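Listed below are the residues making up each chain.
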Amino acid sequence: METILIDEFIVPEESKAEFLEGARKIQSFVRTLPGFVEGFIYEKRNGESRHNFLTTAVWENEEAFENAKKAVAAEHQKQGVSPQETRQRLKIDGTRSIYERFHY
């Protein structure tokens with residue numbers, strides 16, 4: 001069963017460019033990891049949700065996802081980047097959810 005990471009963000013307009021730059025950078029890294037299936041960055045154009053960005057990463061299974069979490073944390077440390085500090089500085093609020101995808 002595939003494991004899906006979905007992050008929803010509220011990104012202020014003044015933080016949008018830096019947010020997208022960072023999201024694209026980490027997604028480029030994530031694409032190189034074993035078990036990665038697909039991932040996207042979405043920007044809301046219309047709707048009721050207060051979140052204006054959504055990112056997804058699909059993994060072949062739970063093991064690939066767990067390994068990816070460790071690899072991403074190590075990459076952040078190597079680059080001297082703290083996602084929590086960056087979100088605070090850019091005034092970004094977000095939520096993270098993990099889903100399983102079933103084919104029908």
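In what follows, the structure referred to is the one given above.
Residues numbered from 1 in each chain as written. Predicted model: local features only at pLDDT ≥ 70, side-chain atom pairs only at ≥ 80, totals over all residues. Heavy atoms only, no water.

K.L.:
Honestly, helix α1 (residues 16-30) in this entry has me stumped. Any pointers?
P.N.:
Helical periodicity: at 3.6 residues per turn, an α-helix aligns residues three or four positions apart in one direction. A rise of 1.5 Å per residue sets the reference length of α1, with its 15 residues, at 21 Å; its end C-alpha atoms lie 21 Å apart and thus fit the reference within 8%. Residues of α1 that are buried include every one of Phe-19, Leu-20, Ala-23, Gln-27 and Val-30, and no others. Viewed along the axis of α1, the buried residues span an arc of 95 degrees, placing them on a single side of the element. Pointing more than 90 degrees away from the buried face of α1 are the exposed residues Ala-17, Glu-21, Arg-24 and Lys-25. (Helix = DSSP H or I, 4+ residues; strand = E, 2+ residues; numbered from the N terminus. Expected span 1.5 Å × (residues − 1). Buried < 20%, exposed > 50% of the residue type's maximum accessible area, 1.4 Å probe, protein only. Arc of directions from axis to C-beta.)

K.L.:
Looking at this structure, how should I read the pattern of salt bridges?
P.N.:
A side chain of one charge can pair with a side chain of the opposite charge when the charged atoms of the two come close. What the rule picks out here adds up to nine salt bridges. A salt bridge links Asp-7 to Arg-96; the nearest nitrogen and oxygen atoms lie 2.7 Å apart. Of the two residues, Asp-7 is situated in strand β1 (residues 2-10) and Arg-96 in strand β4 (residues 93-101); the sequence distance between them amounts to 89 residues. Take Asp-7: its relative accessible area is 6%, and that puts it in the buried class. Between Glu-43 and Lys-16 there is a salt bridge; the shortest N-O distance is 2.8 Å. Here the residue Glu-43 occupies a position in strand β2 (residues 36-43), and Lys-16 occupies one in helix α1, the gap between them amounting to 27 residues. We classify Lys-16 as partly exposed; its relative accessible area is 22%. A network of salt bridges, in which partner residues are shared, links Glu-2, Glu-38 and Arg-101. (Salt bridge = Lys/Arg side-chain N within 4 Å of Asp/Glu carboxyl O.)

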